[in-house]
Structure formats: C-alpha cells, structure tokens
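# An overview of the molecular structure
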Amino acid sequence: MKYSPVQNYINGQFVDASSARTLDVISPLDGNLLSKVPMSTAKDLDNAVKAAKAAFPNWSHMPIKERVQVFYKYKYLLEKNLQELAALVSEENGKTIGEATAEIEKCIELTEFACSLPQLVTGEVLEVSKGVECRTEHVPLGVVASIVPFNFPSMVPNWTIPNAIGLGNCMVIKPSEKVPLSVGRLAQLLKEAGLPDGVFNVVHGDSEIVEAICDHPGIEAVSFVGSTKVAKIVYQRATQKFKRALALGGAKNHLMVLPDAKADMTAQNVAASMSGCAGQRCMAASAMVGVGNVDHIIEKICDEARKIVPGKNLGAVISKESKERIERYISDAEKDGAKILVDGRGAKVEGKENGTYVGPTVIDFVKPEMSVAKEEIFGPVISIMRTNTVDEALAIENANPYGNAASVFTQNGGLARYIIDHASAGMIGVNVGVPVPREPFSFGGWNESKFGVGDITGKSSIEFWTKLKKSTVKWNPEAGVNWMS
Ligand code: NAD
C-alpha cells in the first residue's frame, strides 16, 4: 500500500474514524492499492459538525476582506504544489498528468474568484424615503456540507470550498470514497494558508454519511455533485429536513454538427470532448447529431479518435466495473444494429495490465431509442445519430431528460442562435466541444442535471451560500414619520 490509511480531518487534526470498516483505494492507472478509506459513522459526522459550529462565530464575524486573505495564500500554495497535486489526482482518478494539471489550474481559477468576493458582495443601500435607508448584507448560513463525486477529485471540491468558506460558512465535506486522497491534501494546504481549525472538516464514507448529512440538524445547506440517481435522493432528503439544497446530477450532452461546420476544427473538438478525462466529465460530448450529410466530418472524427491512445494521451476509467459497463454499452449498440467505426473495447496498456482502460469509441447509425443514445455512458464513447433538419436534431436533444450542456458546430450564425434558443440545456457551446462557463460565469445545468435554484460556482453561488439581511434605518427625527418610514 503506497500511502498510509486515509483519516478524517476534524478541527484541524487528522483523526481515525470510529468504524473499522474500510474500502480499498485502487489506482485505475495500474490497479495498485494506494490506500484504505474509512467508512465513517454518524458519530464522526457529528464531531465534525460540532467543530464547524464552534468555529463559526469567529470565522463568520471576521470581515470578508480578512477571510479571503486565506484564499490568496491557498492560491499560492496550489500553484507551488501544482505538480504534486496533479500527480495525486492522476494516480487516484486515472486521468492523464496533462488533464490532472488542468484540473489543478482550474482550482486556482476558482480560488481567484473567491479572492474577488469582497468586490461582489458589497450589498446595496438606498434612501427609500426622506432620512430612511434600506440596506442589504450577504450573511453566511452556518455549517454547510459538500458531497462530491469521483471524476474531479480536486476541482469539484474547489467548486464549493473557497466560495462557501470565503463567504463566512464553515464546511464539512464528504469526498468520493473512490478518490479520497486529494481532499486530505487540500485540508493540509488550507491549514498552511492560515484557515482556523474547525472551519473546514473532512468526513470520509459512503451513503451512510451522505444520509447523515441530509438529516443532521446542525447543517444548514447541502451541495451535492454526482449522478442524477443520488442527486434526487440527496435533494429530496435534505429539503425534507428543510435545508437549502443544490444537487447537480448526470448528463447526456448532445453536439449538433451541420454540414457547413469547419471540418478539421469540429473533428478535433468532438474527439477531445468525448475522450477527455476518458469521457468521465459531466460536460463530455456523449451524443452527436449529424444534420444532413456530414460524412466528411465523421471520417475526420474517426481519424482524430485513432490518434488517442490509452496510456499515452488517454487515461483510465475509474474501475473494472466501469470498464465492463462501458464495454457492455458498446456491445449492446452493435447488437442493436449500430456501426462501430472506432472500437475501444479490450484496450490494454503494456506494463499496466491491471489498469482499467477503454479506447476511444465512435458509434455511427445510432437510433434515438438505443441505450447508447439515451443513457449516460461516462466513458470515451460518442453515439452518432443522423437527421435531415435542425428541428429533428433539437427534438432528439430536447427529449433527453438531462440538460447539462449542448453544442452546435456551424458557420451559420442564425442557425447557431436558433439552437442556443431551442436546446434544453443550461450550458451551450457554439463551435466549442466542452462549453464550461469560466469564472465569473456560473456552472449549472437544467432538467435532471440539476435540482435546486441557482448554480454552484461563480456569482450565482453567492446566493446559495448566503442569506440576505435587509435593514431599514432612520437616525434623524427631523425626517418625520409617514406610512413609508
Ligand atoms: P455518485 O452519484 O455515485 O456519487 C457521488 C457521491 O454520492 C459520492 O460521494 C458517493 O459516496 C455518494 N453516494 C453514492 N451512492 C449513494 C447513495 N445511494 N446514497 C447516498 N450517497 C451516495 O457519482 P460518481 O459516480 O462519484 O460521479 C459520476 C457522476 O457525477 C456522473 O453521473 C457525472 O455526470 C456526475 N457529475 C456531475 C457534475 C455536474 O456538474 N452536473 C459534475 C461532476 C460529475
């Protein structure tokens, strides 16, 4: 085992969980055992909430300009330790070093945004009648929880950590049991950056901890990122306990490719979008709809896909079960009459025979009713459907229950605008394969890709992590009294 067993992080200390139950942490790159992660109990969560609650009065009363000083230092530490952090992400998640480096760079951008929070939460003030002022302030909620998935061990935690904490909350985070190592390292960096003990706490575990978070009376708000199945469970359970909740779910993102699209650029974008992070991104292109004759572009997509080689410029998928599931989707599509143009099944990497790799896969002549067209595959696979018109393509996109992202590839501005208007997704790209809005714009999908109001990052997250206090103030009696004052 490469690393010592994972511990919880409570009140500034790494501590053992109260249960002896553990799960193995396996590197998808080569199948080696990295560590063991504890399956904590509700008692461990309660200890973390108590520590966060105790830290809240001092932290929340500190002026925001002082609070964000911690995040200036944290940003510096992310930069200083970038290579080491990226190596850890790659090791526990299976993505390439290049992708893991980009993930840490995104953490830096997220932290930069948090450093700008004082400029964004100034509140408003207006003299609403003679001598009477109304004023708004963003007030932190208290103890908040963040539940995160496996596919971005560092970035998704950093969607929530700098903003929620910078705005004055104290946090308990539950990392994915598949990738628990990176968050422990982030805890060390936050402490080194000067974050007071108890403001940030980590409790490892599985569904038992997630349920305990939803039920805990000391937790005010729950953010969740993961599959739609679990997003629904968390959203329902947390709101039933009258907590504020925001739950981001899975995705099935459609790319609409028109015959006038720039062929080389489109092919490069489609191939990169479907295969980046081995297709394990909620923003990955998973379905493509070719409108009219786009054979020349599909040919180029296949050429690009063949340049993507497992173990070189393509990472591993998270587990053996995942690899089997993805390969089953491809085989089912084949049985149902689709044509496999590039086949990633049975991929092996020399010297890493226990790694869990799937090669890039391009499936053509997919019908909208096939499972590869409808369901989230979460692997480096693109399912291509064909239509004659943009409206038929939009009908396919609209019928999908998810709504994270959609993109169009065309040189026709009018048609691109029409697709922006009619696609049923929260994030739209034009000639962009992965339309992630960068800070200060916010990240969040629609439909079954997100439950709750607002987005998880950017300016929109300020509303989620704070409540508004409205004060109406009059000091000078000569202002008089009327019905408005
Ligand atoms: P997951 O839903 O299996 O797990 C997410 C978290 O929920 C983990 O911490 C896990 O321990 C916990 N969990 C799992 N099963 C649970 C249950 N039955 N009850 C309570 N908690 C449970 O997701 P994952 O496999 O870790 O991540 C992949 C999924 O996340 C994909 O569907 C992907 O699209 C989605 N995702 C979405 C976004 C987004 O922004 N919409 C971003 C990243 C990932």
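Residues numbered from 1 in each chain as written. Predicted model: local features only at pLDDT ≥ 70, side-chain atom pairs only at ≥ 80, totals over all residues. Heavy atoms only, no water.

### Here we look at the overall build of the protein chain
To keep things clear, this is the line we draw: For the purposes of this entry, the term helix denotes a DSSP run of H or I that reaches at least four residues, the term strand denotes a run of E that reaches at least two, and both are numbered from the N terminus. Note on method: radius of gyration uses C-alpha positions; expected globular size equals 2.2 Å times residues raised to 0.38. Per-residue accessibility, obtained with a 1.4 Å probe over protein chains only, is compared with the maximum for each type, and a residue is labelled buried under 20%, exposed over 50%, and partly exposed between these values.
Counting secondary structure elements, the protein chain contains 16 helices and 20 strands. Its C-alpha radius of gyration of 24 Å places the protein chain within 12% of the 23 Å reference for a compact globule of 485 residues. Taken along its principal axes, the extent of the C-alpha atoms in the protein chain is 80 × 60 × 40 Å. Counting across all 485 residues of the protein chain, residues that qualify as buried make up 58%.

### Considering the pattern of salt bridges
Our working rule: Throughout this description, the term salt bridge denotes a Lys or Arg side-chain nitrogen within 4 Å of a carboxyl oxygen of Asp or Glu.
Counted under the stated rule, the structure contains 31 salt bridges. The shortest N-O distance in the salt bridge between Arg-386 and Asp-364 comes to 2.7 Å. Highlighted residues: Arg-386 in strand β16 (residues 381–387) and Asp-364 in strand β15 (residues 361–364), separated in sequence by 22 residues. One network of salt bridges, with partners in common, ties together Lys-106, Glu-109, Arg-438 and Glu-439.

### Observations regarding the domain arrangement of the protein chain
Accessible area lost upon the coming together of the parts serves often as the stated size of an interface. To be explicit about the condition: Each domain span listed reflects an automatic or database assignment of domains. Residue contacts follow a heavy-atom distance rule, with two residues in contact if any of their heavy atoms lie within 4.5 Å. Here the quantity called buried area is the accessible surface, traced with a 1.4 Å probe, that two parts lose on coming together, added over both. N or O atoms within 3.5 Å of each other form a polar contact, as long as, within protein, one can give a hydrogen and the other can take it, and as long as residues adjacent in sequence are counted only when both atoms are side-chain atoms. Three categories are distinguished: nonpolar for Ala, Val, Leu, Ile, Met, Phe, Trp, Tyr, Cys and Pro, charged for Asp, Glu, Lys and Arg, and polar for the others, with Gly belonging to the last.
Taken domain by domain, the protein chain comprises domain 1 (8–249 + 449–470) and domain 2 (253–430). Domain 1 and domain 2 are separated by 31 Å when their C-alpha centres are compared. Contact with domain 1, which involves 17 residues of that partner, is made by 22 residues of domain 2. Interface area for domain 1 against domain 2, summed over the two sides, is near 1500 Å², with a carbon-plus-sulfur share of 60%. It is Pro-28, Phe-150 and Ser-449 in domain 1 that bury the most area against domain 2; as a group they hold 32% of the surface buried on that side. Summed over the shared surface of domain 1 and domain 2, the number is seven residue pairs in polar contact (both at pLDDT 80 or more). Considering only residue class, the side of domain 1 that touches domain 2 consists of five nonpolar, seven polar and five charged.

### Focus on the site of the ligand
In plain terms, the rule: In this text, near means that some heavy atom of the residue lies within 4 Å of the molecule or strand in question. The Shrake-Rupley method, run with a 1.4 Å probe sphere, supplies the accessible areas, and residue values consider only the shown protein chains as cover.
Around the ligand sit 26 residues in total, of which Lys-174, Glu-177, Ser-227, Gly-249 and Glu-376 are the nearest. Contact distances for the ligand include 2.6 Å between an oxygen atom and a side-chain N or O atom of Glu-177. A distance of 3.2 Å separates an oxygen atom of the ligand from a polar backbone atom of Gly-226. Its free accessible area being 840 Å², the ligand has 88% of it covered by the protein chains. Secondary-structure elements contributing two or more residues to the shell around the ligand are α8 (207–215) and β10 (221–225). Residues that form the shell around the ligand fall into these classes: 15 nonpolar, eight polar and three charged. Composition of the shell around the ligand by domain shows at least three residues from each of domain 1 (8–249 + 449–470) and domain 2 (253–430).

### Description of the environment of Pro-380
Relative to the helices and strands, Pro-380 resides in the loop between α13 (371–374) and β16. Spatially, the C-alpha atom of Pro-380 lies 8.6 Å from that of Ile-326, the residues being 54 residues apart in sequence.

### Description of unusual backbone geometry
Geometrically, the link from Glu-439 to Pro-440 is a cis peptide bond, its omega value of 10° lying close to zero. The phi dihedral of Phe-365 falls on the positive side, at around 55°, and the residue is not glycine. Tracing the backbone through its elements, the reader meets Phe-365 in the loop between β15 and α13. Owing to a relative accessible area of 41%, Phe-365 belongs among the partly exposed residues under this scheme.

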